[in-house]
Amino acid sequence: MCEKITKVNQWLTKIFGDQTPPEYEVNTRTVDMLYQLADNSEARCNEVSLLIEDHKQKATEYQSDGCHLQEVLLQGIGLSSGSLAKPASDYLNALEACAMVLKVRDTSLSSFVPAINDLTNELLEAEKRDRQMERELTILRKKLGSSLVLRRTLQEDLKKNLKSQEVENAQAEERLLNMDFVKAKSKDLSFRINMAEEELASRKMDESLTHQAVLEVSEKIAKLKLEILPLKKKLESYKDLTPSPSLARVKIEEVKRELAAIDAELEMKVDILNTAIPKQHGRSLK
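Note that the coordinates shown come from a computational prediction; the quantities given were computed from them, not determined experimentally.

Asks: Would you mind going over the overall build of the chain with me for this structure?
Replies: The helix and strand inventory of the chain stands at six helices and zero strands. Taking all 286 residues of the chain together, 10% fall into the buried category. Contacts in the chain between residues far apart in sequence, at least 24 positions, make up 46% of those at least 6 positions apart. Summed over its atoms, the accessible surface of the chain is roughly 24,200 Å², and 58% of this surface lies on carbon and sulfur atoms.

Here you go:
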């Protein structure tokens, strides 16, 4: 167990370098997992190192083979690497680089022309795809512009809706407050009405002395006054009569008695109402 922990710590230190390795819970399962990862990592690193060494060795071998083939080729045409001028050497290097890029077997014209034609076709296809992508990009830009405009419009509508909702919420709260006030006022008025009804019931008040009854009596008094007006006009017409003074005096006395009886009845009713009705129910009818 101690050996595994030591190896795990060494592996973590190697992996994280200058950074501090993260803390982990030291138990059998965690240490076994990290130990397995360390073994796999070391095995993988060894394989990669071997592969790198193999590639380096092959590169050295290929370079040696290339130099040997180059010497053989130059000797076959009666030249040597030292006898070539610098421009000729540069041309040969460029020709070699082109052959490697075009992936042709040799540097003959029959190999270069098809390779260049293939590259030209690939270029034309790439340009065609590029134009197609440009058209698609233009369409996408238009759609993106429309989407941005729609998004801006939706944002403005959302802001307006939020503001209107805030106003409606404030109005709803105000209505609720007013409703609460109206409910409280209604309860207070209902309580006062009940108290007043109980007080009237305790005093055994006559129904004829209620406000409605007083209004009805007032209407009757107004009607009686209207009925008196023709009698007064009739009495005034009798005052202008000169013949038969005795008959006129009899009529006048009759009308006066009628008027006096009506006035007395009215005065009596008004006095009864003024004395019986509490002050809070209204003022005097005189």
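More follows now that the structure is in view.
Asks: Just to check I follow, could you spell out the pattern of salt bridges for this structure?
Replies: Opposite charge on two side chains lets them pair, provided their charged atoms get close. Applying the stated rule across the entire model yields three salt bridges. A salt bridge links Lys58 to Asp54; the shortest N-O distance between them is 3.4 Å. Within this pair, Lys58 and its partner Asp54 are both found in helix α2 (residues 28-76), separated by four residues, close to a single helical turn. The partner of Asp188 in a salt bridge is Arg192, and the shortest N-O contact between them spans 3.3 Å. Taken as a pair, Asp188 and Arg192 lie in helix α4 (residues 109-203) at a separation of four residues, close to a single helical turn. Relative accessible area serves as the criterion here: at 51%, Arg192 is assigned to the exposed category.

Asks: Where do I start with the environment of Phe112 in this structure?
Replies: Along the chain, Phe112 falls in helix α4. With a relative accessible area of 11%, Phe112 lands in the buried category. Linking Phe112 and Ala99, residues 13 residues apart in sequence, is a C-alpha distance of 7.6 Å.

Asks: Whenever I open this one, the confidence of the model for the chain confuses me. Can you help?
Replies: Note: predicted coordinates in regions of low pLDDT should not be interpreted at a detailed level. Confidence in the prediction for the chain averages 77 pLDDT; 77% of positions are at 70 or higher. Of the regions scoring below 50 in pLDDT, residues 278-286 engages in 13 contacts with residues more than four places distant in sequence or in other chains.

Asks: Got a minute to help me understand the side chain of Thr30 in this structure?
Replies: Residue position: Thr30 is located in helix α2. One polar contact links Thr30 to Asn27, side chain to side chain, over a distance of 2.7 Å. When sequence neighbours within four positions are dropped, the list of residues in contact with Thr30 reads Tyr24 and Glu25.

What counts and how
- Residues numbered from 1 in each chain as written.
- Predicted model: local features only at pLDDT ≥ 70, side-chain atom pairs only at ≥ 80, totals over all residues.
- Heavy atoms only, no water.
- Helix = DSSP H or I, 4+ residues; strand = E, 2+ residues; numbered from the N terminus.
- Buried < 20%, exposed > 50% of the residue type's maximum accessible area, 1.4 Å probe, protein only.
- Contact = heavy atoms within 4.5 Å.
- Areas by Shrake-Rupley, 256 points an atom, 1.4 Å probe, with all protein chains shown as cover.
- Salt bridge = Lys/Arg side-chain N within 4 Å of Asp/Glu carboxyl O.
- pLDDT = per-residue confidence, 0-100.
- Polar contact = N/O pair within 3.5 Å; in protein donor to acceptor, adjacent residues only side chain to side chain.

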